[in-house]
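What follows is the residue order along each chain.
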Amino acid sequence: MLLNPVISKLSNKLVVLASASPRRLEILTNAGLRFEVVPSWFKETLDKSLFKTPYQYAVETAKQKALEVAQRMPFKHLKTPDIVIGADTVVTIDGLILEKPTDKQDAYRMLSRLSGKEHSVFTGVAIVLCHEQNGSEIEYKVVDFFEETKVKFADLSEEMLWEYINSGEPMDKAGGYGIQALGGMLVEYVHGDFLNVVGFPLNHFCKQLGVIFNSPPESPALKIKREDSRASDGSRSVVNSLSKCVTNGEFELQETNNGKGASQKSTQKQNVMRSECAKFDRKDVPHSIMDLIDGFKVSKTLFTASKLKVFDVLNSSNGLTLEEIAGQINASVFGTERLLDAAVSVGLLERVKHQDDGHAVYRNTEQARQFLVSDSPLSLHAYILHCDGIVWPLFSHLEDAVKEGTSQHERAFGVMNKDMFQDVYYSQDNVKMRFMNAMHSIVNVTGKDVATAFDLSSYKTACDIGGCTGAMAYQFTEAHPGLSVTVFDLPQVIDMRRHFQPKAHHDRVSFVAGDFFKDDLPKADLYILARILHDWSDEKVHALLTKLSKVCTPGCGLLLSEILLDQERRRPSRAVLQALSMTEGKQRSAAGYIDLLEKHGFIVKQIKYTGNLLDAILFIKEGPNDKRTLLAGSSASIETAELV
Ligand code: SAM
């Protein structure tokens, strides 16, 4: 990969995205960038008439957004980022800049203006490089650029326009459409970078990073810097700094007096810099492979810190010293220091100077506070303990699993029963509780997005098959006031339900114990199958779906929630990797699940890629007299399903 080495060079930097856009977040996350999100407070209120061109407006807005965050963080977050990325996307047509519509009428005006015509999408991007000087003053350098993509809309009928507007999609998007979702259907062609239209020109961004971090003295970066002019690819550089390589592979920013500095350096110094840069920039250093090799160390650092309750201990204070933490987690100072430093280096903790006495103290990052502290509402603590206790031992037998093609539960835990859910090992209270806690914590993070994925107002009763602690059922009843949910699970699981009952009384959630392969399923007009089918072979899935098909009357709904693989079965890699330790099940794509369900008379209605940990598909049970015949092949079904 050409661009990954640049991204990997940022792995030890505090990179901040000054945007709340989930689309930008997804694009940069998919590119492998590690960053924090700190949405900018800068209001997009610059006077457009002051700018000669739309891209100047977008670039200036991006710059102001990024600078606002870069300047706020040292005071509000008590840390200085290394890099802040700001972006602003505008749609322009006939010399007009279209931003986000203010209401439906505004969206209508925008979309009818775009109908049948070609328009331009500009994203301005600002990369702010922050450099702390003498521990107090902070120097900010801005590199900015823009990318233009041409998009042509098809002729849109009034009906299409209003259907799209009523979907709600236009409201938070520049120009009133989102090309990556329903809005894609309005588009006839795209010339240029597609991701630029989504909201972030990744390719140009990576090239720009390459210019900033890779450039030896006579590279184009320096040329841009010296000339301080418009580059031939349309990028505008206001770089008035130079990234200088030093022997330890860090970069240092150096003021160059509006680009004249480099030429003032002595030839000898430039030569030294050049050889240091050459050392740093060697393209044959396999950074991404080294990251993969070290992946297990990162996981185990997180598992150990969680198990020792480091994040809990730190949550009760605004920073503790090494000795205080070691004392509280009952561990050696020597070992604790290594663990804490590792956690700092992978971005789980921060090490800062205490305000009063200047001593180094450790504290949780924002992400740790939100997801790693054991009693936070979105805590993944229990899931992490499950990964450490169950998944880790299974992965240590991966070679055997691959050679034998079987689950390694027996080697890892002495589990003899083929159905692990029914094995004595899992029936031990502590193991069962750890598993249930893990399931519960994932639902806390993702359940709301699943429960609100579709309009379920026509359903009054639901049954959550394999509903475990009831976490999903509580999310569904909360999201749908007219819905009652019965949780159906094995007796030993149902026995433990009281441990997970929320404080607020939920009289619309009830529990029934049983085996979904053997016993009668409770009657309902919506069935929920959340993280059930991936655990089983096609044969077992067919057995379960045969039972469900019998109990479902025509019009009955079936809501499936799983991680949906893409068609190439490559992403999300989280799902592909999870399959390595599965007993007999497998991960499937939306098409794979639809294929299975269609065989049992369930017609796909809607598919929702939530952007959270689980996606969802809504099916409807077809009646015997329904005219519609099942579509052969699931890709055809996907096309007919509504993507929400
Ligand atoms: N649906 C829950 C969720 O999304 O968090 C739990 C998913 S968990 C992976 C699988 C659940 O299926 C467990 O709660 C397990 O006890 C239950 N289960 C497994 N085999 C079962 C069976 N034969 N009958 C009923 N429930 C079963």
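If you're wondering where the values come from, they're calculated on a predicted model, not measured in any experiment.

A. Representation of unusual backbone geometry within the structure. Here the amide bond leading from R571 into P572 is cis, since omega sits at -5°, within 30 degrees of zero. Mapped onto the elements, P572 comes out in the loop between β16 (557–562) and α24 (573–578). Not every positive phi belongs to a glycine, and R569 is a case in point at roughly 55°. Note that R569 resides in the loop between β16 and α24. Under the relative-accessibility criterion, R569 is labelled exposed at 59%.

B. Structural context of the pattern of salt bridges. Per the counting criterion, the structure on display carries 26 salt bridges. The partner of K432 in a salt bridge is D429, with the nearest N and O atoms 3.5 Å apart. One end of the pair is K432 and the other is D429, both in helix α20 (residues 429–451) and 3 residues apart, which spans about a single turn. Accessibility expressed as a relative area gives 8% for K432, which makes it buried. Note that D538 is salt-bridged to K586, the shortest N-O span being 3.6 Å.

C. A look at the nonpolar core. By size, the foremost hydrophobic cluster in this structure holds 48 residues, and its most contacted members are L28, I85, L111, I127, F153, Y177 and F205. Broken down by element, this core gets its largest block of residues, 6 residues, from helix α7 (residues 202–214). The contacts of L28, once residues within four sequence positions are left out, are L17, L33, F35, I85, F200, L202 and F205. Judged by nonpolar contacts, the second largest core, of 32 residues, contains I532, V551, C552 and I607.

Rules used in this analysis
Counting from 1, residues in each chain are numbered in the order their sequence is written. Local features in this predicted model are restricted to residues whose pLDDT is 70 or higher, and side-chain atom pairs enter the listing and the counts only when it is 80 or higher, whereas totals over whole chains, interfaces and linings include all residues. Side-chain metrics rest on all non-hydrogen atoms present in the structure, leaving aside hydrogens and water. Strands are runs of DSSP state E lasting at least 2 residues, helices are runs of H or I lasting at least 4, and numbering of each runs from the N terminus. Residue exposure (1.4 Å probe, protein chains only): buried if accessible area is under 20% of the type maximum, exposed if over 50%, otherwise partly exposed. We define a salt bridge as a contact between a side-chain nitrogen of Lys or Arg and a carboxyl oxygen of Asp or Glu at a distance within 4 Å. What we call a nonpolar core is a set of buried Ala, Val, Leu, Ile, Met, Phe, Trp, Tyr and Cys residues that are connected through their side-chain atoms within 4.5 Å. Here, two residues are considered to be in contact whenever any of their heavy atoms come within 4.5 Å of each other.

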